[in-house]
Amino acid sequence: MADVRSPTLPDAQTAVEAPPSPTHVTIRREDYRPPDWLVPEIALNFTLGIESTRVQSKLQVERNPEAADKGDVIRLNGDGLKPAGVWIDGTPTDKWSMDCGDLLIELSGEAHEIGIEVEINPAANTKLMGLYASNGMLCTQCEAQGFRRITFFPDRPDVLSKYRVRMEGDAGQFPILLSNGNRIAHGDSADGRHWAEFEDPFPKPSYLFALVAGDLKANRDTFTTMSGRKVDLAVWVREADLPKTQHAMDSLKLAMAWDEKVYGREYDLDQFNIVAVGDFNMGAMENKSLNIFNSAYVLADQETATDADFDNIARVVAHEYFHNWSGDRVTCRDWFQLSLKEGFTVFRDQSFSADVGSPPVKRIEDVRVLRAVQFPEDQGPLAHPVRPDSYIEISNFYTATVYNKGAELIRMFHTVLGPEKFRAGTDLYFDRNDGKAATCDDFVAALEGGSGVDLEPFKIWYSQAGTPKVRARIEHDAEAKIATLHLEQHVDPTPGQPDKQPMPIPLRTALIGSETGHEICPERLIVLDQARQSVMFENVTEPPLLSINRNFSAPIIVEAERSPGELERLAQTDTDPFARYEAMQELMMRALVVGARGGDMDREPVVRAIGATLRSNSLDPAFKADAIMLPSESLIADRMDVVDPDAIHAAREELRSAIGSALHDELIAAHRSDSAAGDDLSPAAKGVRRLRTVALGLVGAANPSEAAGLAKAQFDRADNMTDRQGALGVLVSLDAPEREAALEAFYHRFHDDPLVLDKWFALQASAQRADTVDQVLRLAKHPDFVMTNPNRLRSVAGVFGANHWAFHSADGRGYAFLADMIIAADKLNPQVAARMVPPFGRWRRFEPKRAAMMRQQLERIAATPGLSKDVYEQVTKSLA
Ligand code: BES
Ligand code: ZN
């Protein structure tokens, strides 16, 4: 038996040595087995301290009748823990040992009570997983495998327990004590200490456990549910931040009402708490009744938050709230099913944001994110299915594929079934799986059961990775008035999946008359499910223009045979706003790809289409801003066989400058158009502000000094962060005296506000300038730069990695910088470090010099002693 003071493995929370290679094992979906032991109840007792917290746990364990293994050992996962004592049925025992951080206890009977005591150091927890300290408060993050850093437990989502939590701490240091569920008792103890006890009536997996202790103040409100129950709502922040909490509270109430109306889902406890913390790995976390948020997704006011920040807060608040049903009441059987809760909940939050804002603008933004992040993932070395087959580190699988492509999959179900049948399906899903840990197959089965529609063919979207490419060509027989649409689909090989099957692809399709501009064949839903397929349209009285994948009905790449003239016409006449946007993007993309290959760009159709968009009286400003924005450099790179970032940048700048000079007056008019009060957060006002800045950026491409003057004026008179940040965003990429002045003024005014200071770092790291690498090297040495805060690290290194031209600087210094940051960050926070690896992932597609340098940096990272499994997995897969 192991001795308490000499565990088998070093303490992972303090270890500096490389973990032995057995920890880098691959976990496979096919190896899933039900748990050997269940834990119907757990009682936790915390004695709180920033540097030392004692955790006493009592687990009621019983054999799982469904388990295959009838062995006499229970494995309780642990990460960096040492047991200070173990009890079986109240008696101290030495019948335990350690294995790879886990605690193994010998048990002979059918059911026992296990007692365990451990001590942890929240202040030393730089991974921000488990219990950690942030600005003097204590908080937790347990998804996916953080609970095992708090106490020993079968830390897997299919073990559901009722939690009873007691905590005690210094009343001055921790005036507020929170955990999941209802506070059932509280009181004072000796020496200025106090305690509270919580009970969560809903059994939950350990990843949903939460605890918060600190000096917090609440913005309080109530919500009355559809059945008339009153829920107490609270948004907890540091006192000084209270004035910035109203938008989060308003968003929460909107989300609660929306889920009742659209999904029939009601909140199920008497309290709902949101807590903001300054140090947080992700955006936010849906712990039952105690959501913990990165403060970036809670705090907002007109002076410090942009319109995009306000929208993101509403979205994230809604997302985490929606998890109460899609995640908490019905959870995931194992982490391979992650998209069951995340893909579905992203679809739900997207629908919510569309409903409270502008649906077409929201759709365009969601597709832009999908293309910017998920498509590259699907086409690179880290490609994986929405339901992955294996992982080394589960944190690496909180990806755009699981989230955003997963949401597109749910959207396809919604499209194919229609809203009523879809709702019947989700009703059945929630009823049937309430209180259970479910799978993606269970979800599809419920949609089928509720709708009566066979969805079996669509399941391939869960298992087959890669973005389908669909070729489309329309043929018109003028005499017979028949148009034939010829479709072909193809999916490229991805790692581990060399041969692909055809997938069912729902294509909303219409035909627009090229002469009249009318919808000559109204929209219909075509499901392409063969490698090749042809579809006929009758009564086609004039040459048709193909409007396909309307509203982006499937997450695919469409390669349609359409001339620039046809695209220009569609950009002005298509009856689907998304398709209009798409026609504009395609028009610009065609020119840019030619330019990036060194050819002569056909600018005229682009300039005409943008001019027409700007002059249109029927389009709203937000749509105009989206439509006239050029495809990003990385999107252009995705279309190149061999990527030359300098050529792409030059072509894009050339086109921007051509637009800026040809449409100078229209752009200035858009820039100066209608005023929008800084506190007006209506979609219309947001659109005006958006267009103002996008237009100014294009003016700057042709006439830098004029734009610098206008930007400085916008900056100086701004009464809101959107205009201020927008102006500064234009200035940072220009060579003008106004640039320094504005950066300095911004720093001077906001350096005490960490979230706004993040913007100051991020703006400079995103600048389109020849000296951006020098600038980020300088920023990384700035006294306000700290690597321990994920938001600050991302604002420099994360943003820089996404700055295509600068990151791919020909001298390789961008690569060296990001690799240095990854190596340094990995020692503190592997999860956040691993998320900075993907920009290196597509090295094979770059011209040989850059490809070699990128590969060299990946190899340098891989060779770093003591690399975490998080970074190890991303780097080795990128090199494979
Ligand atoms: N469950 C996640 C939070 C999470 C992610 C925990 C990864 C552990 C690892 C949460 O519901 C989530 O998805 N948050 C997103 C924001 C959301 C709006 C997509 C996030 O944190 O980025
Ligand atoms: Zn989520």
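Structural notes, computed from the coordinates. (Residues numbered from 1 in each chain as written. Chains lettered and ligands numbered in written order. Predicted model: local features only at pLDDT ≥ 70, side-chain atom pairs only at ≥ 80, totals over all residues. Heavy atoms only, no water.)

1. Focus on the pairing of strand 21 (residues 290–294)
Reasoning step 1: Within strand 21, five of the five residues are buried, leaving the element largely enclosed by the surrounding structure.
Reasoning step 2: Pairing geometry for strand 20 (residues 284–285) and strand 21, over two bridges, is antiparallel. Bridge assignment links M285 to a residue of strand 21, and that residue is I292.
Reasoning step 3: In sequence, strand 20 turns back onto strand 21 through a hairpin of four residues, with S289 there showing a positive phi of about 65°. (Buried < 20%, exposed > 50% of the residue type's maximum accessible area, 1.4 Å probe, protein only. Helix = DSSP H or I, 4+ residues; strand = E, 2+ residues; numbered from the N terminus. Pairing = 2+ DSSP bridges.)

2. Examining the pairing of strand 25 (residues 469–477)
Reasoning step 1: Of the pairings in the sheet, the one linking strand 25 to strand 26 (residues 482–490) comprises nine bridges and is antiparallel in character. Looking across to strand 26, one finds that V470 is bridged to Q489.
Reasoning step 2: As judged from the four bridges shared by strand 25 and strand 31 (residues 557–560), these two strands associate in the parallel manner. If you follow V470 over to strand 31, its bridge partner there is V558.

3. Things to note about helix 5 (residues 400–433)
Reasoning step 1: Between the first and last C-alpha of helix 5 there are merely 26 Å, a value that for 34 residues lags more than 12% behind the 50 Å anticipated at 1.5 Å per step.
Reasoning step 2: Where helix 5 bends most, the angle comes to about 115°, and this point is G418, followed within four residues by the proline P419.
Reasoning step 3: G435 sits one or two residues past helix 5 and shows a positive phi near 80°. (Expected span 1.5 Å × (residues − 1). Bend = angle between axes of the 7 residues up to and from the residue.)

4. Thoughts on the coordination of the zinc ion (ligand 2)
Reasoning step 1: On the protein side, the zinc ion (ligand 2) has H319 (NE2), H323 (NE2), E342 (OE) and E342 (OE) as donor atoms, found 1.9 to 2.7 Å from it.
Reasoning step 2: Here the zinc ion (ligand 2) is ringed by six donor atoms whose angles at the metal span 54 to 162°, and the overall shape comes out irregular.
Reasoning step 3: Between the donor residues of the zinc ion (ligand 2), the gaps in sequence give the motif H-x3-H-x18-E. Of the two residues, H323 sits in the loop between helix 2 (307–322) and strand 22 (331–332) while E342 sits in helix 3 (residues 338–356), which places them 19 residues apart along the sequence. E342 matches H323 in its accessibility class, with the two residues each being buried. (Donors = N, O, S within 2.8 Å, 3.2 Å for Na, K, Ca; no water. Tetrahedral: all angles 85-135°; square planar, octahedral: opposite > 155°, others 65-115°.)

5. Here's the deal with the site of ligand 1
Reasoning step 1: Residues in close proximity to ligand 1 total 16 residues, the closest being E143, G283, E286, E320 and Y403.
Reasoning step 2: The contact in question runs from an oxygen atom of ligand 1 to an N or O atom on the backbone of G283, over 2.5 Å.
Reasoning step 3: A284 has a polar backbone atom sitting 3.2 Å from an oxygen atom of ligand 1.
Reasoning step 4: The protein chains hide 91% of the 510 Å² of surface that ligand 1 would expose on its own.
Reasoning step 5: Every element with two or more residues in the shell around ligand 1 is listed here: strand 20, helix 2 and helix 3.
Reasoning step 6: Top element by residues in the shell around ligand 1 is helix 2. It accounts for four residues. (Near = heavy atom within 4 Å. Polar contact = N/O pair within 3.5 Å; in protein donor to acceptor, adjacent residues only side chain to side chain. Areas by Shrake-Rupley, 256 points an atom, 1.4 Å probe, with all protein chains shown as cover.)

6. Here we look at the sheet that holds strand 26
Reasoning step 1: Strand order across the open sheet formed by four strands is 29-26-25-31, with mixed pairing between neighbours. The sheet is open, and its two borders are formed by strand 29 (532–537) and strand 31, each paired with just one other strand. Pairs of neighbouring strands in the sheet enclose a mean axial angle of 25°, with direction left out of account.
Reasoning step 2: Sheet analysis places strand 26 next to strand 29, joined by six bridges and oriented antiparallel. Residue pairing across strands places L485 opposite V535, the latter belonging to strand 29. (Axes fitted to C-alpha atoms, helices over the stretch in contact; angles between N-to-C directions.)

7. Quick word on the environment of F578
Reasoning step 1: Residue position: F578 is located in helix 9 (residues 577–596).
Reasoning step 2: Judged by its relative accessible area of 2%, F578 is buried.
Reasoning step 3: Along the primary structure F578 and V642 are separated by 64 residues, whereas in three dimensions their C-alpha atoms are 30 Å apart.
Reasoning step 4: Excluding residues within four positions of it along the chain, F578 makes contact with R363, I364, V367, N549, N551 and F552. (Contact = heavy atoms within 4.5 Å.)

8. Here we look at the side chain of H112
Reasoning step 1: For H112, the position within the fold is in strand 9 (residues 111–120).
Reasoning step 2: Accessibility expressed as a relative area gives 13% for H112, which makes it buried.
Reasoning step 3: At a separation of 2.7 Å, a polar atom in the side chain of H112 contacts the side chain of D89.
Reasoning step 4: Side-chain polar atoms of H112 contact the backbone nitrogen of G109, separated by 2.9 Å.
Reasoning step 5: In this view, H112 contacts L59, Q60, V61, I88, D89 and L107; residues no more than four positions away in its chain are not counted.

9. Looking at the packing of helix 15 (residues 683–702) against helix 17 (residues 721–731)
Reasoning step 1: Relative orientation of the contacting elements helix 15 and helix 17 amounts to 10°, with a least axis distance of 9 Å. In this view, helix 15 runs roughly parallel relative to helix 17, as classed from their interaxial angle. Where helix 15 approaches helix 17, its residues R689, R692, T693, L696 and G697 are matched on the opposing element by T722, D723, G726, A727 and V730.
Reasoning step 2: Residue composition of the contact of helix 15 with helix 17, grouped by class: three nonpolar, four polar and three charged. (Parallel < 35°, antiparallel > 145°, perpendicular 65-115°, else oblique. Nonpolar A, V, L, I, M, F, W, Y, C, P; charged D, E, K, R; others polar.)

10. Thoughts on the pattern of salt bridges
Reasoning step 1: Applying the stated criterion across every chain, the model contains 71 salt bridges.
Reasoning step 2: For E582, the salt bridge identified is with R371, shortest N-O distance 2.4 Å. On the criterion of sequence distance, the pair formed by E582 in helix 9 and R371 in helix 4 (residues 359–378) is long-range, its members being 211 residues apart.
Reasoning step 3: On the accessibility criterion, E582 (19% relative accessible area) is buried.
Reasoning step 4: The partner of R423 in a salt bridge is D427, with the nearest N and O atoms 2.8 Å apart. In this pair, R423 and D427 both sit in helix 5, four residues apart, roughly one turn of the helix.
Reasoning step 5: On the basis of relative accessible area, R423 is assigned to the partly exposed category, the value being 27%.
Reasoning step 6: Ionic contacts of the salt-bridge type, sharing partners, join the residues R508, E519, E523, R550 and D574 into one network. (Salt bridge = Lys/Arg side-chain N within 4 Å of Asp/Glu carboxyl O.)

11. Details of the packing of aromatic side chains
Reasoning step 1: All told, the structure shown has 37 aromatic pairs when counted by the stated rule.
Reasoning step 2: Between F147 and Y163, the ring centres sit 6.1 Å apart and the planes meet at 75°, which makes this aromatic pair edge-to-face. Taken together, the residues span a long stretch of sequence, with F147 in the loop between strand 11 (137–141) and strand 12 (161–170) and Y163 in strand 12 at a distance of 16 residues. The burial state of F147 is the same as that of Y163; both residues are buried.
Reasoning step 3: Their ring planes at 85° and their centres at 5.9 Å tell us that W258 and F352 sit as a pair that is edge-to-face. Of this pair, W258 sits in helix 1 (residues 246–263) while F352 sits in helix 3, and the two are 94 residues apart along the sequence. Taken as a pair, W258 and F352 share a single burial class, namely buried.
Reasoning step 4: These aromatic residues form a ring-pair network of at least three members: W258, Y263, Y267, F272, Y321, F322, W325, F344, F352, Y429, F430 and F443.
Reasoning step 5: The ring of F537 carries the charged tip of R524 above its face, separated from the ring centre by 4.3 Å. (Phe/Tyr/Trp six-rings, centres within 6.5 Å; stacked < 30°, edge-to-face > 60°. Lys NZ or Arg CZ within 6 Å of the ring centre and 35° of its normal.)

12. Considering the sheet that holds strand 13 (residues 176–179)
Reasoning step 1: A sheet is described by the order of its strands in space; here four strands give the open sequence 10-11-16-13, paired in antiparallel fashion. Two strands in the sheet have a free side with no partner beyond their single neighbour: strand 10 (130–134) and strand 13. The sheet shows a mean angle of 20° between the axes of neighbouring strands, taken without regard to direction.
Reasoning step 2: Across two bridges, strand 11 lies against strand 16 (residues 211–214) in antiparallel orientation. Residue pairing across strands places L138 opposite A213, the latter belonging to strand 16.

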